[in-house]
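An overview of the molecular structure
Here is what each chain is made of, one letter per residue.
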Amino acid sequence: MNDSALHEGRIYVAGHRGLVGSAVVRRLHAEGLHNIVTATRDELDLTVPGDVMAFFEAQRPSHVLLAAAKVGGILANSQEPVAFIRDNLAIQANVIEACHRFQVRKLVFLGSSCIYPKFAAQPITESALLSGALEPTNEAYAIAKIAGIKACAAYNRQHGSNFLALMPTNLYGPGDNYDLLGSHVLPALMRRAHEARAQGLDELVVWGSGTPRRELMHVDDLASACLFALQRLDASDIGECVNIGVGSDLSIREIAEIVMRVVGYQGRIVFDTSKPDGTPRKLLDVSVMKHLGWSARIPLAEGIHSAYQDFLTRFTGQAAPALSTH
Ligand code: GFB
């Protein structure tokens, strides 16, 4: 794929308002790519096949980045499996079929590191897919994302499509979801530490045992990987999916300690073991993308600091979102 095709076409970013979609739009603009097509959820319900086909017929995108999904942290996944599997299967099926039907030159489909078996050998290579049982708390979401990977592979094989499946690790950054119940671990701990400091609390509650390990990547690194894939990769360059990560991880306790330092909170950590630990570890093997010429660049402490500045900008001067019970 050469650059000119990207500059001449129209790039549809599905989910442009979310954590990933907004980072991709920022990155495309920074690259001088302003031929971007977007639609809000009110303008287009991606779970409705007819609406998706009509949108593609009208917009005729040449490139599609599918970042729209029903997403959430461990509690949201374990409490709402129906929405996670139903909505994500519908969105994927409609967008991937529309990309075929309207001859989209390239689709970049985004999954997640939770697609791999709970006890996969670490670091996890792409070949571990479907080699063992999944983590129960997010099995519904994982199955939906695995179905998306397999759908891309099926269209590539049967129709010669150019649909790439990128599997990012846990993400954080500007535009994150800070709801204390539904969000991922980093934004949840950032908000909780911020509020503990503001309210002079002695303790910071951290879910689980603190022993699981997580790999964390700034969403701007994922956005640069998506641009790299749009500009320079084809489906033939990668297998059915390719890992996008930073290649190192930390324990939940260590993540909490970094967040406390960035936020400036010096209380005590208390572990709420009534909450699930989830997968003990899911460190991605990132050698395929490294070999292809891409690696993540944003260091964790710097990334968390910039994410906290975004949090302050979004919530300073406005009432912070109503405190969900934890
Ligand atoms: O990001 P997270 O919610 O999801 O991280 P997963 C969960 C881990 O962080 C568990 C601990 O070990 C939790 O016990 N944790 C500690 C917390 N405090 C908190 C907190 O306040 N909030 C949250 N959410 N966790 C997700 C999948 O798994 O990974 C998604 O469920 C997606 O589908 C995402 O794949 C990338 O990393 O466990």
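In this text the structure is predicted, and so the values were computed from the model without any measurement. (Residues numbered from 1 in each chain as written. Predicted model: local features only at pLDDT ≥ 70, side-chain atom pairs only at ≥ 80, totals over all residues. Heavy atoms only, no water.)

Structural notes on the overall build of the protein
- Across its full length, the protein holds 11 helices and 12 strands.
- Its C-alpha atoms give the protein a radius of gyration of 19 Å, within 12% of the compact-globule value 20 Å for 326 residues.
- Across its three principal directions, the C-alpha atoms of the protein cover 60 × 45 × 35 Å.
- Among the 326 residues that make up the protein, the fraction classed as buried is 56%.
- Considering only residue pairs separated by 6 or more positions, the protein has 83% of its internal contacts joining residues 24 or more positions apart.
- Carbon and sulfur atoms make up 51% of the accessible area of the protein, which amounts to about 13,900 Å² in all.
- Separation between the mean location of the 30 positive side-chain charges and that of the 33 negative ones in the protein comes to 1 Å. (Helix = DSSP H or I, 4+ residues; strand = E, 2+ residues; numbered from the N terminus. Rg over C-alpha atoms; globule rule 2.2 N^0.38 Å. Buried < 20%, exposed > 50% of the residue type's maximum accessible area, 1.4 Å probe, protein only. Contact = heavy atoms within 4.5 Å. Areas by Shrake-Rupley, 256 points an atom, 1.4 Å probe, with all protein chains shown as cover. Lys, Arg positive; Asp, Glu negative; His and termini not counted. Charge placed at Lys NZ, Arg CZ, Asp CG, Glu CD.)

Notes on the packing of aromatic side chains
- For the structure shown, the criterion picks out nine aromatic pairs.
- Centre to centre, the rings of tyrosine 12 and phenylalanine 55 are 4.9 Å apart; their planes meet at 55°, and the pair counts as tilted. Of this pair, tyrosine 12 sits in strand S1 (residues 11-14) while phenylalanine 55 sits in helix H3 (residues 49-59), and the two are 43 residues apart along the sequence. Neither residue differs from the other here; tyrosine 12 and phenylalanine 55 are each classed as buried. (Phe/Tyr/Trp six-rings, centres within 6.5 Å; stacked < 30°, edge-to-face > 60°.)

Thoughts on the nonpolar core
- Grouped together as the largest cluster of nonpolar side chains are 44 residues, with contacts concentrated most on Tyr12, Leu46, Phe56 and Val95.
- Among the secondary structure elements, those contributing two or more residues to this core are S1, H3, strand S3 (63-66), helix H5 (81-101), strand S4 (106-110), helix H6 (139-159) and strand S5 (163-168).
- With seven residues, the single largest contributor to this core is H6.
- In terms of nonpolar packing, the next biggest core, distinct from the first, is built from 35 residues, Ile11, Leu28, Ala225 and Ala235 among them. (Core = buried A, V, L, I, M, F, W, Y, C linked by side-chain atoms within 4.5 Å.)

Digging into the site of the ligand
- Near the ligand there are 24 residues, and of these Ser112, Asn170, Arg214, Pro276 and Asp277 occur at the shortest range.
- For the ligand, an oxygen atom lies 2.9 Å from a polar atom in the backbone of isoleucine 74.
- Burial of the ligand by the protein chains amounts to 97% of its free accessible area of 700 Å².
- Looking at the shell around the ligand, the elements that each hand over two or more residues are helix H4 (74-79), helix H7 (185-199) and strand S7 (203-207).
- Among the elements that make up the shell around the ligand, the one with the highest residue count is H7 (four residues).
- Classifying every residue of the shell around the ligand by side-chain character gives 11 nonpolar, nine polar and four charged. (Near = heavy atom within 4 Å. Polar contact = N/O pair within 3.5 Å; in protein donor to acceptor, adjacent residues only side chain to side chain. Nonpolar A, V, L, I, M, F, W, Y, C, P; charged D, E, K, R; others polar.)

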